[in-house]
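Structural description and commentary
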Amino acid sequence: MLRIALQSKGRLNEDCLALLKEIGVNIDDSKRKFLAKASNFPVEVLFLRDDDIPQVVSCGTASLGIVGLNEVVEKDCGVEVVERLGFGGCSISLAIPKSEQYEGLQWFEGKRIATSYPNILRGFLEKNGIAAKIEVITGSVEIAPAAGIADAIFDIVSSGGTLVANGLKEVEKVFESEAVLISSGNLSDDDKAVLDEILFRIASVKVSRRKKYLLMNLPESAIDEAARILPAMRSPTMMPLAASGWYSMHSVVDEDELWSKIRQLKAIGAESILGENVDKLIP
Ligand code: ATP
Ligand code: MG
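Overview of the structure.

What counts and what doesn't
- Residues numbered from 1 in each chain as written.
- Chains lettered and ligands numbered in written order.
- Predicted model: local features only at pLDDT ≥ 70, side-chain atom pairs only at ≥ 80, totals over all residues.
- Heavy atoms only, no water.
- Helix = DSSP H or I, 4+ residues; strand = E, 2+ residues; numbered from the N terminus.
- Rg over C-alpha atoms; globule rule 2.2 N^0.38 Å.
- Buried < 20%, exposed > 50% of the residue type's maximum accessible area, 1.4 Å probe, protein only.
- Contact = heavy atoms within 4.5 Å.
- Areas by Shrake-Rupley, 256 points an atom, 1.4 Å probe, with all protein chains shown as cover.
- Near = heavy atom within 4 Å.
- Polar contact = N/O pair within 3.5 Å; in protein donor to acceptor, adjacent residues only side chain to side chain.
- Nonpolar A, V, L, I, M, F, W, Y, C, P; charged D, E, K, R; others polar.
- Pairing = 2+ DSSP bridges.
- Donors = N, O, S within 2.8 Å, 3.2 Å for Na, K, Ca; no water.

With that settled, the discussion passes to the overall build of the protein chain. Within the protein chain one finds eight helices and 15 strands. For the protein chain, whose C-alpha radius of gyration is 25 Å, the value lies well above the compact-globule estimate of 19 Å for 283 residues. Overall, the C-alpha framework of the protein chain stretches about 80 × 50 × 35 Å when taken along its three principal axes. Burial statistics for the protein chain: of 283 residues in total, 44% are counted as buried. Here the analysis covers contacts within the protein chain between residues at least 6 apart in sequence; of these, 68% occur between residues at least 24 apart. Looking at the protein chain as shown, the accessible area adds up to about 15000 Å², and 49% of this sits on carbon and sulfur atoms.

Structure follows, in structure tokens:
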């Protein structure tokens, strides 16, 4: 049974459970247990605070974990990042009081910076040759300047609303994070086989997220041109309609190209175009 550590509550919890569901791993999370087994896959989930996930994976208590890349880099405990998952995106940025004039990193020389990410910040300051004092705060970092504890902060920023509410402005984006799948790098053969299956399923979910399934009616004369516009994976499916001279075409298109393709298809006579989300796509 492969054990995977997930955040028990917080910003990543729902997306993690949704991803497991999408790859066909059903976890009954309704009882809010610390450890929950999947009903249909050899996996059990250990629910933890996100801070603890890198270490629990590094020592092998869980073989895999899902956590923000920011926690992985901050904890620096030798886990392997196996896959970026495309949710939980945020940046960790330096922010200063909005009344300050900012002309570059030299502003931070000799200043006090409050953060919950001292390791990432130390690395950044050293790389840039800035000597600043790091004040470690685990709670609400953004109040530190107003409270006189620090001159600036280094913290997670998403919309920026919290900064504005605290009279701060973002001046440097230092680190881009997203949720990642991590491994201890030391899996049994059984766990490796389960991980391979998980990665295979995640890949198909990721591909399908950017695709749309399109079906439409086409006059027979437009078939060749339509197949050129929408080549699909091998070639589009064409099925004759009951009305003679007409076909139903089924194909898959990249979301980015959806509207330009629809325009081209309409121009050659396509009608009743239907677009649907793709749930899984296995090449
Ligand atoms: P825990 O109780 O598990 O320790 P937490 O309060 O430390 O939770 P959350 O606020 O739930 O953490 O955030 C978890 C992760 O979500 C962050 O480490 C980060 O990777 C990601 N994240 C994405 N967007 C944001 C955001 N706007 N603010 C904070 N974290 C975000
Ligand atoms: Mg935490």
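Right, let's talk about the site of ligand 1 for a bit. Every one of the 15 residues lining ligand 1 counts as a neighbour, but Arg11, Asp50, Asp51, Asn70 and Ser158 are closest to it. Between arginine 11 and ligand 1, the recorded distance is 2.8 Å, taken from a backbone N or O atom to an oxygen atom. In the environment of ligand 1, an oxygen atom lies 2.9 Å from a nitrogen or oxygen atom belonging to the side chain of arginine 49. Starting from 620 Å² of accessible surface for ligand 1 in isolation, the protein chains cover 77%. Across the shell around ligand 1, the residue classes tally to three nonpolar, seven polar and five charged.

Phi is positive for aspartate 76, close to 45 degrees, though the residue is something other than glycine. Of note in the backbone geometry, alanine 232 takes a positive phi value of approximately 60 degrees without being a glycine. Structurally, alanine 232 can be placed in the loop between helix 7 (223-229) and strand 13 (237-240).

Sheet topology places strand 12 (residues 211-219) next to strand 14 (residues 246-254); nine bridges connect them, and they run antiparallel. Paired with lysine 211 across the strands is aspartate 254, a residue of strand 14. Two elements, strand 12 and strand 15 (residues 271-277), share five bridges in a ladder whose sense is antiparallel. By the bridge assignment for strand 15, asparagine 217 is matched with glutamate 271.

Once that is clear, we can look at the coordination of the magnesium ion (ligand 2). Protein-derived coordination of the magnesium ion (ligand 2) comes from Asp50 (OD) and Asp51 (OD), at a distance range of 2.0 to 2.1 Å. You can call aspartate 50 buried: its relative accessible area is 19%.

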